[in-house]
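Topology and contacts: notes
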Protein chains: 2
Amino acid sequence: MATNMQMVFLGTSAAAPTPERGLSSIAIMRDGELLLFDAGEGMQRNFIKAGLGMNRKMKVFITHMHADHCVGLLGLLQTMSLQGRERRLDVYGQPRLKEFLLENMRIINFGLTFEVAIHAIEGEGIVVQESDYKVTCCEAEHSIPALSYRLDEFDRPGAFNVELVKKMGIPEGELYSRLQHGQDIEYNGKIVRSADVVGPPRPGRKIGISGDTRPTDKLTKFFSGCDVLVFESTYTHDKLAKALETAHSTATEAATVARQAGAKKLFLTHFSARYDETSALVKEASAIHANVEAAEDLKQVDIPYPPS
Amino acid sequence: MATNMQMVFLGTSAAAPTPERGLSSIAIMRDGELLLFDAGEGMQRNFIKAGLGMNRKMKVFITHMHADHCVGLLGLLQTMSLQGRERRLDVYGQPRLKEFLLENMRIINFGLTFEVAIHAIEGEGIVVQESDYKVTCCEAEHSIPALSYRLDEFDRPGAFNVELVKKMGIPEGELYSRLQHGQDIEYNGKIVRSADVVGPPRPGRKIGISGDTRPTDKLTKFFSGCDVLVFESTYTHDKLAKALETAHSTATEAATVARQAGAKKLFLTHFSARYDETSALVKEASAIHANVEAAEDLKQVDIPYPPS
């Protein structure tokens, strides 16, 4: 079944907020569920502005334990409680995230109205596996331990040629279902092959989220074939020394990862406060990758299925 | 010596932010020093917008340990460190604030570049005493332990009538100083009385900050004679039941405290997100107190000396 997917940038500034940009947070709405990647301080304000809803089915993934990526969780828990959230909230991150949340839940009176399930990620690989998608993680290379994430929808079954099947006189029901699920059937003494009435599997969407990191070969492999890659681009390439010193990436480096990974679309984000506007970063990355766009606070992006 | 004093509201929303209002924080700039009352999540963004400066001499006073009043300290510490602050930062609040800061400084990598001196307040009375002002606190009445604060500038010496003293032929220097400091002197065989050449002491400014609270007789006494009182006004009085339930105040109650305390000017703040705009709260309070104004994010207010 096709589902809508929409990405909303809730914060696009590196380290410190600016008047125009809040701290790191990316929301992906998918089939009624909200997947949040990072929760920088103050992100709840853009969360509210974007109308995302405090009581929604939701998972939060934190890339690393710098304040500008995780502190916003505290206010989010507070506001969700004020609004009487009852659904469990699932939060994923490094073991230190668990300590951060448990200690603050002990010290600050949130009056939590719902369960917070904190999942400490050890190592790499699958973080979440649902019936129709999975989220995996990979070690990034930052000044402290950090993770990158990737969301993969599973392929959907190919299109079922109902007209053709009707023409064959096959009755709806059990036999339809078997054909749709790849089984060949016998009807009226004839073999009907699933492959003849069902198209090839339709690929799901693949989204990569870098968090804070230097570009690495490992991440280039991890993000291989992404439809959309959101990669941090703290500096223009003339500030490479600064990027090396602070373990961040330049726009050129982000674009190089995206190109080598075969990512179809690259969003740059996590901009140093020194950039009032982002055209220089986009220009630089566009020399390397053909489809580059700068993230902006509250920018909403529909993510279509890739062509079959 | 006369000094400028300016108050800037950095956040005026209760509990949860709205698109227009951030979480509680009030900055008072006085003689180059910044006194910050509460630091709700995201306040650093308005702090930056107001151009207050991350490297300034500064003291922070926290009223209570709800997330919307203290979580912003984490981002503030982070951004101050990014900007290489070297000055010590003095933070005052309940013992739990100390625990909150120490635990988060342990868990999150702030890369602190400066000393954070955390002063745990036990009981009531003087919190800070400097040469020309003091800050005191009083227990408020909220759903968790909470404090109200008051800033009192000490009276300045009266105006020195230089012309008159010159006419008497008294030479500048030691004798001037003695007269200015209230001592009578003998000059040319005559007694010159300080009171004859120095006017009456000129009163300093007195500012009250309620934090979150119900109105109480104790607070009315504590805020007695304030030039400016900033009192929480979460609800209009038709929501009194809600105010009682959540241990907040209505605009009517805030104005009643201000009037009974003899406060000259009342700022309402800490508005429930249900109020898109604040005219109903101001109208209600204005029926009781003659000088009421609603706080707004980034509103700057010059606070003049009271008339002598």
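Residues numbered from 1 in each chain as written. Chains lettered and ligands numbered in written order. Predicted model: local features only at pLDDT ≥ 70, side-chain atom pairs only at ≥ 80, totals over all residues. Heavy atoms only, no water.

Put simply, the test is: UniProt positions are given in the numbering used here, feature names are shortened, and annotations may be inferred rather than shown by experiment.
In the annotation of an unreviewed UniProt entry, the entry for chain A reads Ribonuclease Z, and the organism field reads Nitrososphaera viennensis EN76. Its UniProt record gives chain A a comment under Function (unreviewed entry), which states: "Zinc phosphodiesterase, which displays some tRNA 3'-processing endonuclease activity. Probably involved in tRNA maturation, by removing a 3'-trailer from precursor tRNA."

Some words on the overall build of chain A
The test is simple: Under the scheme used here, helices are H or I runs from DSSP no shorter than 4 residues and strands are E runs no shorter than 2 residues, and both carry numbers assigned from the N terminus. The buried label applies to any residue whose accessible area, calculated with a 1.4 Å probe on protein chains only, is under 20% of its type's maximum; exposed applies above 50%, and partly exposed to all values in between. In what follows, residue pairs with any heavy atoms lying within 4.5 Å of each other are defined as contacts. Working definition of accessibility: Shrake-Rupley area with a 1.4 Å probe, residue cover restricted to the visible protein chains.
Across its full length, chain A holds 11 helices and 16 strands. Counting only C-alpha atoms, chain A reaches 70 × 50 × 35 Å along its principal axes. The buried share of chain A, reckoned over its 308 residues, is 57%. Here the analysis covers contacts within chain A between residues at least 6 apart in sequence; of these, 65% occur between residues at least 24 apart. Only carbon and sulfur atoms are counted for the fraction: they give 49% of the accessible area of chain A, which is about 12700 Å².

Overview of the environment of Ala241 of chain A
Residues and elements named next belong to chain A. Its location among the elements puts Ala241 in helix H9 (residues 240–246). For Ala241, a relative accessible area of 58% gives the class exposed. Measuring from C-alpha to C-alpha, the distance between Ala241 and Leu35 comes to 34 Å, with 206 residues separating the pair along the chain.

A few points about the sheet that holds strand E3 (residues 33–37) of chain A
Backbone hydrogen bonds are what pair the strands of a sheet, in a parallel or an antiparallel way. Residues and elements named next belong to chain A. Under the convention used in this document: Strands were regarded as paired on the criterion that DSSP finds at least two bridges between them. Structural elements are reduced to axes, namely lines fitted to C-alpha atoms, with helices fitted over the stretch in contact, and the angle between N-to-C directions of any two is expressed from 0 to 180 degrees.
Sheet architecture is open: seven strands sit in the order E6-E5-E4-E3-E2-E1-E16, paired in mixed fashion. A single partner strand is all that each edge strand has here, and the edge strands are strand E6 (116–120) and strand E16 (300–302). For this sheet, the mean angle separating the axes of adjacent strands, direction not counted, is 20°. Examined bridge by bridge, strand E2 (residues 25–30) and E3 share five bridges and lie antiparallel to one another. Directly across from Ala27, in E3, lies its bridge partner Leu36.

A short note on the domain arrangement of chain A
Put simply, the rule is: All domain edges in this entry derive from an automatic or database-based domain assignment.
Here chain A is partitioned into domain 1 (5–156 + 201–302) and domain 2 (162–196). For domain 1 of chain A and domain 2 of chain A, the distance between their C-alpha centres works out to 44 Å.

Topic: the relation of the copies chain A and chain B
Note the threshold: Copy-to-copy alignment: least squares on C-alpha atoms, limited to residues at pLDDT 70 or above in both.
The operation relating chain A to chain B is a screw motion whose rotation component is 180°, with 0.1 Å of axial translation and a residual RMSD of 0.1 Å. In the structure described here, the two chain copies are related by an operation that fits a two-fold rotation axis. If distances are taken from each C-alpha of chain A to the rotation axis, the shortest is found for Gly42 of chain A, at 2.3 Å. Interface overlap between copies: 100% of the residues of chain A at the interface are likewise at the interface in chain B, consistent with a symmetric, same-surface contact.

Side note on the UniProt feature "binding site: Zn(2+) 2" (unreviewed entry) in chain A
Definition in use: Each cavity reported here is a set of points on a 1 Å grid over the protein atoms alone in which a 1.4 Å probe fits but cannot get out, each pocket an open set with protein on both sides within 12 Å along at least five of seven lines, and each lining residue one with an atom within 4 Å of a point. N or O atoms within 3.5 Å of each other form a polar contact, as long as, within protein, one can give a hydrogen and the other can take it, and as long as residues adjacent in sequence are counted only when both atoms are side-chain atoms.
With numbering matched to this structure, UniProt assigns "binding site: Zn(2+) 2" (unreviewed entry) to Asp68, His69, Asp212 and His270 of chain A. For this annotated set, covering 203 residues, all C-alpha atoms fall within 10.6 Å of each other, a compact arrangement in space. Taking the annotated residues in turn, Asp68, Asp212 and His270 of chain A line the largest pocket. For Asp68 of chain A, the location among the structural elements is in helix H2 (residues 67–70). Judged by relative accessible area, which is 6%, Asp68 of chain A ranks as buried. With near-sequence residues (within four places) excluded, Asp68 of chain A lies in contact with Ala14, Ala15, Leu23, Ser24, Gly40, Glu41 and His270 of chain A together with Gln78 of chain B. Polar side-chain contacts of Asp68 of chain A include one of 3.0 Å to the backbone nitrogen of Ala15 of chain A. Summarising the element assignment, Asp212 of chain A is placed in the loop between strand E12 (206–209) and helix H8 (217–222). With relative accessibility at 2%, the residue Asp212 of chain A sits in the buried group.

Concerning the pattern of salt bridges
When charged atoms on two side chains of opposite charge get close, those side chains can pair. All names here are of chain A. Definition in use: Salt bridge, as used here, is a side-chain nitrogen of Lys or Arg placed within 4 Å of a carboxyl oxygen of Asp or Glu.
Using the criterion set out here, one finds 38 salt bridges over all chains in the structure. One salt bridge in this structure joins Lys59 and Glu130, with 2.8 Å as the shortest N-O distance. Of this pair, Lys59 sits in strand E4 (residues 58–61) while Glu130 sits in the loop between strand E7 (125–129) and strand E8 (133–139), placing them 71 residues apart in sequence. Several salt bridges share partner residues, and in doing so they unite Arg30, Asp132, Glu153 and Arg205 into one network.

Focus: the layout of surface pockets
Inclusion rule: Grid points are joined across faces, edges and corners, and a volume is the space filled by probe spheres set on the points. Three classes are used, and their members are as follows: Ala, Val, Leu, Ile, Met, Phe, Trp, Tyr, Cys and Pro are nonpolar, Asp, Glu, Lys and Arg are charged, and the others, Gly among them, are polar.
Roughly 760 Å³ of internal volume is contained in the largest pocket. As for the largest pocket, its lining consists of 37 residues, of which Ala14, Ala15 and Ala16 of chain A together with Gln78 and Leu82 of chain B are closest to the centre. Tallying contributions element by element places helix H3 (residues 72–82) of chain B first for the lining of the largest pocket, with four residues. Class assignment of the residues belonging to the lining of the largest pocket gives a composition of 14 nonpolar, 18 polar and five charged. Lining the second largest pocket are 25 residues, with Leu82 of chain A together with Ala15, Tyr235, Thr246 and His248 of chain B sitting closest to its centre. Its residues assigned to classes, the lining of the second largest pocket comprises nine nonpolar, 12 polar and four charged.

As for the packing of aromatic side chains
Residue and element names in this part refer to chain A. Quick note on the threshold: Note on aromatic pairs: the rings of Phe, Tyr and Trp (six-membered ring only in Trp) are paired at centre separations within 6.5 Å, and the planes decide the class, stacked below 30 degrees, edge-to-face beyond 60, tilted for the rest.
With the rule as written, the count across this model stands at 16 aromatic pairs over all chains. Between Phe9 and Phe267, the aromatic rings sit 5.3 Å apart at their centres with planes inclined by 55°, giving tilted as the arrangement. Taken as a pair, Phe9 in strand E1 (residues 5–11) and Phe267 in strand E14 (residues 265–269) lie far apart in primary sequence, 258 residues in all. Residues Phe9 and Phe267 agree in their burial class; the two are buried. Grouped by ring-pair contacts, the aromatic residues Phe37, Phe61, Tyr92 and Tyr149 constitute a single cluster.

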